[in-house]
Amino acid sequence: MLSGIAAPAPALDFTAEEERRILRHGPWPPALLPDPSNRVSGKPAAIAFGRALFFEPRLSTSGAVSCATCHRPDRTWTDGLPRSRGQRIVDRNAPGLFNLGFNRWFGWDGAQDSLWAQNLRPLLDAREMGVGPGGAARLVRSDRRLSCGYRRAFGAAPGADDARIFVDLGKALAAFLETRVTGRAPFDDFRDALARGDAAGRARYPAAAKRGLRLFVGRGNCTFCHFGPAFTNGEFADAGVPHFVEPGRVDPGRHGGIRKLRRSPYTLLGRFNDDARRSTAAKTRHVRLRQSNFGEFRVPGLRNVALTAPYMHAGSHETLADVARHYSTIDEERLHAAGERILRRLDLSARQRADLVAFLETLTEKEPRRQSVEKTGNAVCR
């Protein structure tokens, strides 16, 4: 060998157990089935109407705030703020609107058990939009374009039941948001190459990402919470981050979410569920309130995570490097003793943290699916 010429770096070979864990994160995208609790799930007219509603500022009491205020298409369907601002600042971060049709629970605290119910929350919250059932129903009845869109989506003109119209708006919004499924990412190409024994395909995946992936499925134990094709177990965890909103006031997280869920008329157990069999309602029927739920927040999916900073429920970490540092140096005393002690300080080196970030960056879709961002939401009716 000629002096001064370095030998190629040895390939990183995964163990059989590591490969098994990696393969569980695909294939992507999975089939998205219609939501049985939403009679217009998957219907083109409802998707078009939901798109129009998403960009409609008159669904706020100020007439200046829409869903797109906090979930901007040009900012990866979030707003880039630690804590979002609608009509006033709120307590939590606005997550990117991706892959929602695969979720079990909705909102950082899981106070909603369906996507359509989650869409009603900002319409009820005075800090966000606050229009409420009466205001929303009056707008739809009085506006020719929205009334026409409603009729096309639901097969009848908006009637006299304000609550029914209000819930139907949430369902049209859900039909639209279900379409926001991320495209394939470099990780998916590697995962599929691994599945078919394609050595050349495996070799194209960056070495740093492979090292980070090994940490993710191995020493980091990240797959305990972030597993499956969407990289989330769909449940809740205490990540060891502060949950004080302001001096003297804390965010109770999942504990408060379960209490809200039990009080809500908009659940899968109620009259607005379009599925007479209540086939998806078991989770709501059997949820239990535990003290360990205090300070737990929903485990987010990690697809497109590199595009949705800042991170955690209140945007307390600005970058993925900050998140990797957090888990490497986590203060275990912040974790509730009454809860299951899943997290342990990882003590990763600077290079290991960089490798972990390199892996997470390969979860970004290669060709983002283009969506109309017209404020009219593609003309529903003319």
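Overview of the structure. Since this is a predicted model, take the numbers as computed values, not measurements.

**Examining a positive patch on the surface**
- Residues Arg259, Arg262, Arg263, Arg288 and Arg290 make up a contiguous surface patch of positive charge.
- Along the polypeptide, Arg259 turns up in helix H11 (residues 254-263).
- A relative accessible area of 43% means that Arg259 is categorised as partly exposed.

**Notes on the packing of aromatic side chains**
- For the structure shown, the criterion picks out 16 aromatic pairs.
- Ring geometry for Phe187 and Phe359: centres 6.0 Å apart, planes at 80°, overall edge-to-face. One end of the pair, Phe187, is in helix H8 (residues 186-196); the other, Phe359, is in helix H14 (residues 350-361), and 172 residues separate them in sequence.
- Among the residues examined, Phe359 registers a relative accessible area of 0% and is labelled buried.
- When the centroid spacing of 5.7 Å and the interplanar angle of 35° are considered together, the rings of Tyr266 and Phe272 count as tilted.

**A word on the environment of Arg20**
- One can find Arg20 in helix H1 (residues 16-23).
- Residue Arg20 is classed as partly exposed on the basis of its relative accessible area of 43%.
- Taking C-alpha positions, Arg20 is 33 Å from Gln112, a pair spaced 92 residues apart along the chain.

**What to know about the packing of helix H13 (residues 320-328) against H14**
- Where H13 meets H14, the closest approach of the two axes is 9 Å, and the angle between their N-to-C directions is 130°. Between H13 and H14, the crossing angle belongs to the class labelled oblique. Of the two elements, H13 crosses H14, and the hand of that crossing is right-handed. Taken together, the residues of H14 that come into contact with H13 (itself represented by Leu320, Ala321, Ala324, Arg325 and Ser328) are Arg353, Leu356, Val357 and Leu360.
- A per-class count over the contact of H13 with H14 returns six nonpolar, one polar and two charged.

Conventions adopted
Residues numbered from 1 in each chain as written. Predicted model: local features only at pLDDT ≥ 70, side-chain atom pairs only at ≥ 80, totals over all residues. Heavy atoms only, no water. Patch = residues over 30% accessible without salt bridge, like charges linked within 9 Å, V, L, I, M, F, W, Y side chains within 5 Å. Areas by Shrake-Rupley, 256 points an atom, 1.4 Å probe, with all protein chains shown as cover. Salt bridge = Lys/Arg side-chain N within 4 Å of Asp/Glu carboxyl O. Lys, Arg positive; Asp, Glu negative; His and termini not counted. Charge placed at Lys NZ, Arg CZ, Asp CG, Glu CD. Helix = DSSP H or I, 4+ residues; strand = E, 2+ residues; numbered from the N terminus. Buried < 20%, exposed > 50% of the residue type's maximum accessible area, 1.4 Å probe, protein only. Phe/Tyr/Trp six-rings, centres within 6.5 Å; stacked < 30°, edge-to-face > 60°. Axes fitted to C-alpha atoms, helices over the stretch in contact; angles between N-to-C directions. Parallel < 35°, antiparallel > 145°, perpendicular 65-115°, else oblique. Left-handed = near helix turned anticlockwise from the far one by under 90°. Contact = heavy atoms within 4.5 Å. Nonpolar A, V, L, I, M, F, W, Y, C, P; charged D, E, K, R; others polar.

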